[in-house]
Amino acid sequence: MCFLSRYSSEDDPSNLDEMPLMMSEEGFENDESDYQTLPRARVNQRQSGLGWFLLGGWRVLCGSCCDCLAHICRRKKELKARTVWLGCPEKCEEKYPKNAIKNQKYNIFTFVPGVLYQQFKFFLNLYFLVVACSQFVPSLKIGYLYTYWAPLGFVLTVTMVREAVDEVRRYQRDKEMNSQLYSKLTVRGKIQVKSSDIQVGDLIIVEKNQRIPADMIFLRTSEKNGACFIRTDQLDGETDWKLKVAVGCTQRLPALGDLFSISAYVYAQRPQLDIHSFEGNFTREDTDPQIHESLSIENTLWASTVVASGTVIGVVIYTGKETRSVLNTSFAKNKVGLLDLELNRLTKALFLAQVVLSVVMVALQGFVGPWFRNLFRFVVLFSYIIPISLRVNLDMGKSAYGWMIMKDENIPGTVVRTSTIPEELGRLVYLLTDKTGTLTQNEMIFKRLHLGTVSYGTDTMDEIQSHIIQSYAQVTSQPSGGSTSGATPSRKTQTSAPKVRKSVSSRIHEAVKAIALCHNVTPVYESHGGVNGETESAEADQDFSDDNRTYQASSPDEEESTGDITFYMKGADVAMASIVQYNDWLEEECGNMAREGLRTLVVAKKSLSEEQYQDFENRYNQAKLSIHDRGLKVAAVVESLEREMELLCLTGVEDQLQADVRPTLELLRNAGIKIWMLTGDKLETATCIAKSSHLVSRNQHIHVFKPVSNRGEAHLELNAFRRKHDCALVISGDSLEVCLRYYEHEFVELACQCPAVVCCRCSPTQKAQIVRLLQQHTANRTCAIGDGGNDVSMIQAADCGIGIEGKEGKQASLAADFSITQFKHIGRLLMVHGRNSYKRSAALGQFVMHRGMIISTMQAVFSSIFYFASVPLYQGFLMVGYATIYTMFPVFSLVLDQDVKPEMALLYPELYKDLTKGRSLSFKTFLIWVLISVYQGGILMYGALVLFESEFVHVVAISFTALILTELLMVALTIRTWHWLMVVAEFFSLGCYLASLAFLNEYFDLSFITTWPFLWKVSAITLVSCLPLYIIKYLKRKFSPPSYSKLSS
């Protein structure tokens, strides 16, 4: 009980026993550190001994040995900080990687082994390889080699050609990027170099609209202000331009060539992943005293970004693999659909059945002679139970579904990026969605300005306008302040005593000026055709993300006329509440605005004296030069200013909902999909959007999970939540983390019972963590949908990721499996395409298996009648033709089948609930197909043996023709909605078979095929094999119709 006593000292346990959570004693007694040690200890006890070794321990040992060897072979070079001399690559102490982009998976030596490994790591393909190789052993040879090698060779060839085409395209793209020419500055002037030949220390000139080839420090620009803009959408997915500032020392040099006349170096930190931070120093040695400048993220030019204004000169600090863009390139996991896993399980069951059947055959022989060889011959004979065409048909089917989704006119702009999982769209139970830009448009409309005593809304914005005009009119009427902005109000605030209330006009002026200054404004120069002059338009790009306090926006601002120094700042209410002076209205008004669904920002200012400013600047510059913990030191200095600031105003902006969000969410809810909204927004805004978007239905109660910080609070709050029934849950990221640390299983169990869950203040990693939790605890399929770079980890973690191309760029849409242009398209994507893909693949997979099982049943009957001889029934081309040209097209035409019209699927989303139960492909449906195959195979074989008269060759002709006809009729029986291509496929296949009879004289007796006895025998056998199934289907439709057929009738 020592754990409990330790726990009691932290939290008062007296309340914990009121309503204990449903969990084991030991789980409650052990605190978080023991959570990890307990299960591991048990596993260690279990994992020992010979039993463990035989049951898979050998695989673990081999795997760990291989991993160890691979680690030794591929041991990464440790990344280190570096000193880079300007224009002197030869002075570099270490050898740095080549600046070449390489996206290829293979090289000329590893291509064939690599592709073969990827194919044969699947049970199905490895099985066929073993069977095909066994045909080289004379005693095991059955029939012709090509009957086994032709299908396998076809599959491998298709795969290799596809991989080779992809690889060549990658190579060409890489070559194009690596051979781009850049101007390199040398002592002798400019020379042209290829991108791949650039080295650390080179001085590179990059023109406007040119891609930056390597990570560089920005030294000079052609722009007079010493700054330029770059586009980073290829790096972080954000579409707004970023301002970069040149190093002051090099920008001030009179001419470009002077970069070689100075002795200077850059100290850069070791390469790392974070694209939003950088620490380094610039030092010029040939002056007395030496010049030191601190370098931060605003002095960097990362590779893969594009120069948007002016010409820039930079010194290269990282190349190739060490650049930020390459370090951040993550290879997403290969997603495997649930249907593929289910089919894989069924193929293993079939393999087991095949081995059992072979053992039975050998046993009935009495284990005489070389029985082991006979056993293997039987395994090869029955190898058609597992059809090689299964993988090919399914892959082709998936490509067809992807093509149909992209061609659907009702959801224009939809892109399928992962063609292997379209069936997943029909099996989803949880949909995890982002808020901003996904449910909302990410277009901010200014709605409210609150000054504490007076509030202005959209209908009173003209009053603000008149106040501003009035205050500027006062300024211009005074000759002293002709060119300054806001001199009078500023002077007024300085001279007036603190007790005197400022006029509303001057307060509005102060507030609007602060909002205008606390802005990131990107000037965009566009030259219009036919106009000589260039027009300047300004794209105001205000960052409304709550945690973002932009310090470049809150830099001290000096008034020219008065010499006043003012420090402006804006930020989220949570962060600003502790910074501004005491007031009685901020918290209340923030709550009011949040309840209206507005996003709030607090604006404040502080007047500084000259001494205060100088003191701040000195400490700030010193902190910026430090090499260790620079971020913390700079933050500490800035924080010293962020005290007792004067609250100016509170702004509220509205982010409007996307088109048709409400009906779409209602449709998904009726389809049985549970929707979780994961957002970085604050609780009130998230709750308001959840209500306005109908994520939470009107009559539903919302349970707001109180903030918890320790185990005791989490326990009590979970108990309070347990008592609520059928209510939506709203929880913050911090509380969620505490609950998951102590009561993961209990929390997920309770949350999964909620019709809707809203998680606010969620970080990107938390979003991904929630997805993984649902996958582990519920074993249901999850779908994540988002539009920004912060949603990428969630999209990649989900079973099915959907990206929306939005205002935040294309990063989410490029990382997703499916990309859509609007949230409302998800309804049709799931209800129509998800349903069709799953139903069609399930039917196609089972039919291909039936095609293999029926011929294996015939082989078993044939062998058992002819004294258990391991002799093939059909030889050579008959087997190849059966799996390809005779039945391939009708079977594949099942990808055009549909049980419900699209309009019906959207009108009755409740139909989707059936799909999540996985009834279209289960052991039950599989057993039904097995019984059908056994019945038909038995009838076809026994019928042919009973009805044939003189020669054995007639048995082959009768049974094979009846088999082909049976397969074509079975396709017709399986189809629910006919398409003209299906009819064409049926008649084309029949025509091919009849035409090929003329050439198959080595298998058939042509004189017998053209007689009446042949025709009536084939017809009789086919009728007996198929008619009962048609009757059963009719009776089933009559007395126990499926739900969709009731609707369509």
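Reading the values: the criteria
- Residues numbered from 1 in each chain as written.
- Predicted model: local features only at pLDDT ≥ 70, side-chain atom pairs only at ≥ 80, totals over all residues.
- Heavy atoms only, no water.
- Helix = DSSP H or I, 4+ residues; strand = E, 2+ residues; numbered from the N terminus.
- Buried < 20%, exposed > 50% of the residue type's maximum accessible area, 1.4 Å probe, protein only.
- Contact = heavy atoms within 4.5 Å.
- Areas by Shrake-Rupley, 256 points an atom, 1.4 Å probe, with all protein chains shown as cover.
- Axes fitted to C-alpha atoms, helices over the stretch in contact; angles between N-to-C directions.
- Nonpolar A, V, L, I, M, F, W, Y, C, P; charged D, E, K, R; others polar.
- UniProt positions renumbered as here; feature names shortened; annotations may be inferred.
- Pairing = 2+ DSSP bridges.
- Patch = residues over 30% accessible without salt bridge, like charges linked within 9 Å, V, L, I, M, F, W, Y side chains within 5 Å.
- Salt bridge = Lys/Arg side-chain N within 4 Å of Asp/Glu carboxyl O.
- Polar contact = N/O pair within 3.5 Å; in protein donor to acceptor, adjacent residues only side chain to side chain.
- 1 Å grid on protein atoms, 1.4 Å probe; cavity = no way out; pocket = protein on both sides within 12 Å on 5 of 7 lines; lining within 4 Å.
- Points joined across faces, edges and corners; volume = space filled by probe spheres on them.

### As for the overall build of the protein chain
Across its full length, the protein chain holds 38 helices and 30 strands. Out of the 1049 residues belonging to the protein chain, those deemed buried represent 50%. At a minimum sequence separation of 6, the contacts of the protein chain that also span at least 24 residues come to 75%. About 50,800 Å² of surface is accessible on the protein chain, with carbon and sulfur atoms providing 58% of the total.

### Here's the deal with the packing of helix 6 (residues 123–134) against helix 11 (residues 338–365)
Contact geometry of helix 6 with helix 11 gives a least axis separation of 10 Å together with a crossing angle of 35°. Mapping the contact onto sequence places F123, L124 and Y127 in helix 6 and N344, T347, K348, F351 and Q354 in helix 11. Split by residue class, the contact of helix 6 with helix 11 holds four nonpolar, three polar and one charged.

### Observations regarding the UniProt feature "binding site: ATP" (unreviewed entry) in the protein chain
Under the local residue numbering, the UniProt record ascribes the feature "binding site: ATP" (unreviewed entry) to D434, K435, T436, K570, R599, T679, G680, D681, R761, K767, N790 and D791. Note on D434: relative accessible area 4%, which makes it buried. Those residues in contact with D434 that sit more than four places away from it in its chain are L439, L678, K767, I785, G786, D787, D791 and M794. Within the element layout of this structure, K767 appears in helix 25 (residues 764–778). Once residues within four sequence positions are removed from consideration, K767 is found in contact with D434, L678, T679, C762, N790, D791 and M794.

### Details of the side chain of S959
By secondary structure assignment, the location of S959 is in helix 34 (residues 952–974). The class for S959 is buried, based on a relative accessible area of 0%.

### Observations regarding the sheet that holds strand 6 (residues 227–231)
With respect to topology, three strands assemble into an open sheet ordered 7-6-12, the strand pairing being antiparallel. The open sheet is flanked by strand 7 (241–245) and strand 12 (306–307), the only strands paired with a single partner. Pairing of strand 6 with strand 7, which is carried by five bridges, proceeds in the antiparallel orientation. In the sheet register, A227 faces strand 7, and the bridge partner there is V245.

### Brief notes about the sheet that holds strand 26 (residues 727–732)
One open sheet holds the nine strands; their spatial order is 14-30-29-28-15-24-27-26-25, and the pairing between them is mixed. The open sheet terminates on both sides in strands that have one partner only, identified here as strand 14 (415–416) and strand 25 (701–704). Two elements, strand 29 (residues 800–804) and strand 30 (residues 818–820), share three bridges in a ladder whose sense is parallel. Note on strand 30: the bridge partner recorded for G803 is S819. Together, strand 15 (428–433), strand 28 (781–786), strand 29 and strand 30 form the strand contacts of helix 28 (residues 825–865), whose direction differs from that of strand 30 by roughly 140°.

### Quick word on a nonpolar patch on the surface
Together, Y144, Y146, F877, I885, F889, W980, L981, V984 and F988 give the surface a local cluster of nonpolar side chains, amounting to about 850 Å² of exposed area. Turning to its location among the elements, Y144 is positioned in the loop between helix 6 and helix 7 (146–178).

### Topic: the pattern of salt bridges
Oppositely charged side chains may form a pair once their charged atoms are brought near each other. Following the criterion strictly, the structure yields 28 salt bridges and no others. In this structure, the salt-bridge partner of R781 is E424, at a minimum N-O distance of 2.7 Å. Here R781, found in strand 28, pairs with E424, found in the loop between strand 14 and strand 15; they are 357 residues apart in sequence, far enough to count as distant. D791 serves as the salt-bridge partner of K767, at 2.8 Å between the closest nitrogen and oxygen.

### Looking at the UniProt feature "binding site: Mg(2+)" (unreviewed entry) in the protein chain
Following the UniProt record, one finds the feature "binding site: Mg(2+)" (unreviewed entry) at D434, T436, D787 and D791. Taken along the chain, the residues just named run across 358 residues; in space they keep tight, none of their C-alpha pairs more than 10.8 Å apart. Note on placement: D434 falls in the loop between strand 15 and strand 16 (440–450). Within the structure, the side chain of D434 is placed 3.3 Å from the side chain of K767, a separation counted as a polar contact. With respect to the helices and strands, the residue D791 is situated in the loop between strand 28 and helix 26 (792–797). Overall, D791 belongs to the buried group, its relative accessible area being 0%. Other than its neighbours up to four places away in sequence, D791 contacts D434, K767 and G786. For D791, the side chain forms a polar contact with the main-chain nitrogen of D787, separated by 3.0 Å.

### Looking at empty space enclosed by the protein
Applying the stated rule across the entire model yields four cavities of 30 Å³ or more. Here the largest cavity defines a volume of roughly 250 Å³. Forming the walls of the largest cavity are 19 residues, and the residues nearest its centre are F128, Y384, P387, I388 and A883. Those elements that provide at least two residues to the lining of the largest cavity are helix 6, helix 7, helix 28 and helix 29 (877–883).

### Focus: the side chain of D899
One can find D899 in the loop between helix 30 (888–892) and helix 31 (902–907). When its relative accessible area of 9% is taken as the criterion, D899 is described as buried. Separated by 2.9 Å, the side chains of D899 and R835 make a polar contact. Discounting residues that sit within four places of it in the chain, D899 has contacts with R835, K839, R976, T977 and Y1044.

### Some thoughts on the pairing of strand 3 (residues 189–194)
Across six bridges, the pairing between strand 2 (residues 181–186) and strand 3 is antiparallel. Its bridge partner being in strand 3, L181 is matched across the sheet by K194. Counting the residues in the hairpin turn of strand 2 and strand 3 gives two residues.

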